[in-house]
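# Survey of secondary and tertiary structure
Letter by letter, the chains look like this.
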Amino acid sequence: MTAQSFLASTVLSLLTLITGKVWDILRSASNKWDRRLLIVQLLTISATMLFSANQFLQGVRLMTHAGFMFPVKNDTKVDNIMRKTESCQWLGLRSMYISLAPIAWVVGGGRAFFSSSVALILFFRQIDKKPEGLGYEEFQASYI
């Protein structure tokens, strides 16, 4: 819960810094098309980072809610809430990672955007695997 709160505040702080820097660049841009491109870039960064912070905060909210519920025998409400919390954290981390591509677009241009997008695809293909050897199948079978 503390980690998710920290990640949410870190994402919002970084968004504030990035917005301030892009805003300065936006004010100094003289070309109309450059301004529009910067606005699109800022919107993509803002959308991914705000979604990330929202997911982290939803995870904290759900964990706090689960902490006040007393586990009752044959009741899976707390377990379902904890699974939703895990999904919120997963979505928040993925959104935070995906925000790196638009940031690279602002900093390095189109080539940096393309290379960071390819690197993110390779990264996600590597980390998104089915867990092996955790005994999850046996754990699920015990409830049947």
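This one's a predicted model, so the numbers in the text were calculated from it and none came from an experiment.

This part is about the side chain of Ser 95. For Ser 95, the location among the structural elements is in helix 3 (residues 77–98). When residues no more than four places from it in sequence are discounted, the contact partners of Ser 95 are Thr 48, Phe 51 and Ser 52.

Our next topic: the packing of aromatic side chains. This model, assessed by the stated rule, comprises 4 aromatic pairs. Taken together, a centroid distance of 5.3 Å and an interplanar angle of 90° make the contact between Tyr 97 and Phe 123 edge-to-face. Linking Tyr 97 in helix 3 with Phe 123 in helix 5 (residues 110–127), this pair joins segments that are 26 residues apart in sequence. We classify Tyr 97 as partly exposed; its relative accessible area is 26%. We classify Phe 123 as partly exposed; its relative accessible area is 31%. The interplanar angle of 35° and the centroid separation of 5.3 Å between the aromatic rings of Trp 105 and Phe 113 together place this pair among those described as tilted. Since its relative accessible area comes to 22%, Trp 105 is described here as partly exposed. One aromatic cluster is present, built from ring pairs that chain together Tyr 97, Phe 123 and Phe 124.

Membership of the largest hydrophobic core comes to 14 residues, with the highest contact counts inside it found for Val 11, Ile 18, Val 22, Leu 38, Ile 45, Met 49 and Phe 56. A per-element tally of this core places helix 1 (residues 2–28) first, with 7 residues. Look past the residues within four positions of Met 49 in its chain and what remains in contact with it is Val 11, Leu 14, Leu 15, Ile 18, Ser 99 and Ile 103.

The rules behind the values
- Residues numbered from 1 in each chain as written.
- Predicted model: local features only at pLDDT ≥ 70, side-chain atom pairs only at ≥ 80, totals over all residues.
- Heavy atoms only, no water.
- Helix = DSSP H or I, 4+ residues; strand = E, 2+ residues; numbered from the N terminus.
- Contact = heavy atoms within 4.5 Å.
- Phe/Tyr/Trp six-rings, centres within 6.5 Å; stacked < 30°, edge-to-face > 60°.
- Buried < 20%, exposed > 50% of the residue type's maximum accessible area, 1.4 Å probe, protein only.
- Core = buried A, V, L, I, M, F, W, Y, C linked by side-chain atoms within 4.5 Å.

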